[in-house]
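This is what each chain is made of:
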Amino acid sequence: MTATDPRLAAREALKLAAERGDAVALAAALRALLQAGPKPGDYAFASARLLALDDQAAKGAGLRPLRVFCARSVTVEPLLPQLVCAGAAAGLVLRVEVGGYGSFADELTNPAGALARANPELVLLIGDAEDLAGDLRPACAGGSGEEIAAAAEATGRALAGLIAGLRRHSKARLVVQGLLQPDRPALGDVADANLARGEGWAIAEVNAALARACREAGDAVLFDVDRVASRCGRARFRDERMFRSNRVAVSAECFEPYTRALVRAIRPLYFPARKVLVTDLDNTLWGGIVGEDGPDRIATAAEFPGNCYQEYQRLLRELTRRGILLAIASKNNPPDVEEAFARRERDILLRLEDFAAVQIGWHPKSEMLRTIAKQLSLGLDSFLFVDDNPVECAEVQLALPEVLTVNIPAAEPWRIAGLVGAALEVFDQLSITDDDRGRVAEYRAQKQRAELEAGAGSREEFLGSLGIVCTALSALDAPLSRTAQLLGKTNQFNLTTRRHSAGDVERMARLPGSQAWAVRVRDRFGDAGVVGVVLCTAQASDCVIDSFLLSCRVIGREIEAALLWLVGRHAIAAGQRRLIGEYLPTKKNPPCAEFYASHGFTVVDAARTPLGTSAGTVYEYDLQSGPPPLPPWIRFEESTP
């Protein structure tokens, strides 16, 4: 081992950064250490230095600090250094307080207990089936379907009660670890697999009940630990000696995949999913170079190696079903690519029309990605880029560090789908709505609108020809999961970027005089779905706009002006005399910096409003002469919140 060893170099860089108090360099060194393959002692070394950062320094390094409370029935302390490091790799600083051993039920339900006193932002419930579902296995041993069903129902109800108990006194977000499937079921492998109800069925039922309870609680997610055990291999996942002697439920060799998967479950509670996968073509979407080999000789067919590329194509096609946008960035001649898609139509499982944006030419890939981002009106931090050329990947990483890159091995096409599949965690989200599923179709409609606008005589003529209809819905019925999703991921047209949870929206909507709206937009080209949210509170005679956001997909049609009209009209009906708006600048929301000023609002001293103080700019709108005007080309439909 020499000083040039990447692991030792990263460890030394981390040590020096910690001594200087340089949080940015420390975070970079930690990422380098994780990529270099750390040894067990490196995790404790790195996590101790990371946790020594104060919250302000962590935020300056692009990390989000979180106060975490772990309610548990097993020993978790040996896992914590790797959990902290995995969290940092995902953009989080997890400051974990561990609850009493086996006291999880009291901690979750007691409003004066240790968990409540800790006031965490995130709660982890980590337990084992022996402790959380102790009556289940004995009930399964006799093979009575009725007894097994009753035990599964009782166990699921009891665990759901713990989640509901937490919600009665805490707004913390929650991750609940599911139960492991038994490696040796009580009835034996054959009977358990063949009976209508066995131990495997019962565990699946309890996990389904936990997932249902998480959905009902809001801001909660089930951590599917059984999937982790399956990937690791059940024989490797648990060290029976360590479990029986110290109640450590995960073997040391599986700490890394376990903690990484646990962080994967945590991340969607705090960060929006990425939205776009940009793929190269040659030796990526198909085998070979179309400009040299010709369309008939590129590899994409049912036989090897073409079936490796078809598996990747199938993966991409599946992503579009849940609303992930596809794009192409390829150094090629456009006619060659078009001919390949046309002549190999039966062998390529995607059409050119399946891609929301296409960049084919000889510019640097980073320029292509910038162009695609502009075409789609999306930030580059929502992009995943796949390419077989390490030089192209390095160029993108250097020019656009916010883009996640996946470098696939051209010589090993059988690994492409697996490597890309492993990176798809960046697309994880807590729910998939009808609006997500319709996103690809909406971007196709955007192209049609652009063509219509190009031939219109004026902007007003173009907008009037669209037949825009806005439907106002209660933010609780949009559904609520879509409202929370928009609050969590909308960046560019978001006046305050307050990341309210579903529970926050419910509480705000119940306040007297409040408004909690979501807006659905459709026109002659299609239904864009629920694309905007407005949350307002009543403060004396003022209507204070807490959150105002709109998807970039509908910017330019004055939907935002229609939302102001809606809010103003209801504020007047409630006897309020002013609208109070606030703009809190971020790196991503300059597109809406002049929104209030351009819609008749005037700047006001925050001290003269219910806000008192503000880190941004505060505006007021006098409602005595009526609400802000509704654009004449928009028809509004409304349901009462």
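Above this note sits the structure.
The structure contained in this document is the topic of the report that follows. Predicted model, so just to flag it, every value in this text is computed and none were measured.

Re the sheet that holds strand S17 (residues 617–622)
Logical step 1: Reading across from one edge, S16-S17-S15-S14-S13-S12-S11-S18 is the order of the 8 strands in this open sheet, with mixed pairing throughout. Only two strands of the sheet have a single neighbouring strand rather than two, namely strand S16 (602–603) and strand S18 (634–638).
Logical step 2: Sheet topology places strand S11 (residues 468–474) next to S18; 5 bridges connect them, and they run parallel. Along S18, the bridge assignment pairs Thr-471 with Glu-637.

Looking at helix H28 (residues 559–573)
Logical step 1: The end-to-end C-alpha separation of H28 is 21 Å, in line with the 21 Å expected for 15 residues at 1.5 Å each.
Logical step 2: Of all 15 residues that make up H28, 11 are buried, and the element is covered over most of its length.
Logical step 3: Here H28 has its buried residues at Ile-559, Glu-560, Ala-561, Ala-562, Leu-563, Leu-564, Trp-565, Leu-566, Val-567, Gly-568 and Ala-571.

Description of the pairing of strand S13 (residues 526–539)
Strand residues, when the strand is regular, have side chains that alternate between the two faces of the sheet.
Logical step 1: Most of S13 is tucked away, with 10 of its 14 residues classed as buried.
Logical step 2: Inspection of the sheet shows strand S12 (residues 515–523) paired to S13 by 9 bridges, in the antiparallel sense. Paired with Val-519 across the strands is Gly-532, a residue of S13.
Logical step 3: With 8 bridges connecting them, S13 and strand S14 (residues 542–550) associate as antiparallel partners. What sits directly across from Cys-536, in S14, is Ile-545.
Logical step 4: Counted between consecutive antiparallel strands, the loop separating S13 from S14 contains 2 residues, among which Ala-540 sits at a positive phi close to 55 degrees.

Concerning the pattern of salt bridges
Side-chain pairs of opposite charge can arise where the charged atoms are in close proximity.
Logical step 1: Applying the stated criterion across every chain yields a total of 50 salt bridges.
Logical step 2: Note that Arg-234 is salt-bridged to Asp-226, the shortest N-O span being 2.9 Å.
Logical step 3: The exposure class of Arg-234 is partly exposed, given its relative accessible area of 26%.
Logical step 4: Since its relative accessible area comes to 12%, Asp-226 is described here as buried.
Logical step 5: Among the ionic pairs, Arg-557 bridges to Asp-523, the shortest N-O distance being 3.2 Å.

Considering the packing of helix H26 (residues 480–489) against helix H27 (residues 502–509)
To describe two helices that pack against each other, one gives the angle between their axes and the distance between the axes.
Logical step 1: Where H26 contacts H27, the axes come no closer than 9 Å and their chain directions differ by 110 degrees. With respect to H27, the element H26 is oriented roughly perpendicular. Contacts between H26 and H27 involve Leu-480, Thr-483, Ala-484 and Leu-487 from the former and Ala-502, Val-505 and Glu-506 from the latter.
Logical step 2: Partitioned by chemical class, the residues of the contact of H26 with H27 number 5 nonpolar, 1 polar and 1 charged.

Reading the values: the criteria
Residues numbered from 1 in each chain as written. Predicted model: local features only at pLDDT ≥ 70, side-chain atom pairs only at ≥ 80, totals over all residues. Heavy atoms only, no water. Pairing = 2+ DSSP bridges. Helix = DSSP H or I, 4+ residues; strand = E, 2+ residues; numbered from the N terminus. Expected span 1.5 Å × (residues − 1). Buried < 20%, exposed > 50% of the residue type's maximum accessible area, 1.4 Å probe, protein only. Salt bridge = Lys/Arg side-chain N within 4 Å of Asp/Glu carboxyl O. Axes fitted to C-alpha atoms, helices over the stretch in contact; angles between N-to-C directions. Parallel < 35°, antiparallel > 145°, perpendicular 65-115°, else oblique. Contact = heavy atoms within 4.5 Å. Nonpolar A, V, L, I, M, F, W, Y, C, P; charged D, E, K, R; others polar.

By themselves, these are just geometric observations and shouldn't be taken as functional.
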